[in-house]
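Tertiary structure, described
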Amino acid sequence: MSTNDAQAAGFVPAAPAAPTSRAIATELALARFLEKHRIGTVITDRIKALKTNSDDGMPLLAPGGTEIAHIAGRTFAMVTQPKIGYQLKVTDSAALQEWVEQKAPTEVARTITVEVKADEAERVMAALGELLGPDRANLTVEVRPAFLDLLGEAAAKNGVTVDPRTGEFVDLPGVKIVPTNPSPTVRFTPDAAQVIEDAYRANLFSGARLAAMLALPAAEKGDR
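Parameters and conventions
Residues numbered from 1 in each chain as written. Predicted model: local features only at pLDDT ≥ 70, side-chain atom pairs only at ≥ 80, totals over all residues. Heavy atoms only, no water. Helix = DSSP H or I, 4+ residues; strand = E, 2+ residues; numbered from the N terminus. Polar contact = N/O pair within 3.5 Å; in protein donor to acceptor, adjacent residues only side chain to side chain. Buried < 20%, exposed > 50% of the residue type's maximum accessible area, 1.4 Å probe, protein only. Arc of directions from axis to C-beta. Contact = heavy atoms within 4.5 Å. Pairing = 2+ DSSP bridges. Axes fitted to C-alpha atoms, helices over the stretch in contact; angles between N-to-C directions.

Focus on the side chain of Thr189
By the element assignment, Thr189 lies in the loop between β7 (185-188) and α7 (192-201). A polar contact of 2.8 Å, which involves the side chain of Thr189, links it to the side chain of Asp191.

Set out below in structure tokens:
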């Protein structure tokens, strides 16, 4: 029955209850807060929480998957969670160096640093073998950075330590595999701003709905 028909029949439907002053004030204050603090701590903390892992160590979003974000059936963004990656972290340089010395000796670099005085430079350049006395030369031995990069690439691809020359899985000493936590990416549609604005005007972001989205504390009974 239309409003006109109801009035003609002598029945006038009850008008929707007007919002209370407190509800209006709360909505206005919340809207102004979000307007002024678009990247305020409430929102940034919520974003951090949504990008973390669940109790089992897995991202909250499915790795390698893409979800469509929508409001009232209208798409406004695509959210993609990259696949889990791995990093190689050196925990014991000496142990790693010893392994490389045995398995890939050409991948260990030796650098001699010689301290000279100004008037000694030309002579040292002419005869590097000349002895300059104790504590004047230092020998540095390290795994070549390029080989470390190869070890890291192999670990990132397989999630385990691998000999990059043979492709064999090895128990590589002095390192550990650390899973990365890639951050999800959000791509907004060209009309995302309009979709969100329309949803706001349709009162989809009011009260408990918005509080739930931002994980705000529940209101006390006296504050409802």
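A short note on α7
Taken as a whole, α7 has its buried residues at Ala192, Val195 and Ala199. On an axial view of α7, the arc spanned by its buried residues comes to 65°, and they lie on one face. Exposed residues on α7 whose side chains face more than 90 degrees from its buried face are Ala193 and Arg201. Residues of α7 that are buried make contact with β1 (66-71), β2 (74-80) and β7. Immediately downstream of α7, the backbone of Asn203 shows phi near 70°, a positive value.

Some details on unusual backbone geometry
For Ala72, which is not a glycine, the phi torsion comes out positive at approximately 55°. Inspection of the secondary structure puts Ala72 in the loop between β1 and β2. For Ala72, a relative accessible area of 66% gives the class exposed.

Digging into the sheet that holds β2
Taking strand neighbours across the sheet as the criterion, the 3 strands line up as β1-β2-β7 in an open arrangement whose pairing is antiparallel. Where the open sheet ends on each side, the last strands, each with one partner, are β1 and β7. Looking at each pair of strands side by side, their axes are set apart by 25° on average, direction ignored. Examined bridge by bridge, β1 and β2 share 6 bridges and lie antiparallel to one another. Across the sheet, Ile68 pairs through a bridge with Met78, a residue of β2. Sheet contacts for α7: β1, β2 and β7; angle to β2, the most-contacted strand, approximately 120°.

Section: the environment of Asp92
Note on placement: Asp92 falls in the loop between β3 (86-90) and α4 (93-103). For Asp92, a relative accessible area of 36% gives the class partly exposed. Put simply, Asp92 and Gly174 are 82 residues apart on the chain and 4.1 Å apart in space, counted from C-alpha to C-alpha. Of the polar contacts made by the side chain of Asp92, one reaches the backbone nitrogen of Ala94; its length is 3.2 Å. Here the side chain of Asp92 touches Ala95 through a polar contact of 3.1 Å, landing on its backbone nitrogen.

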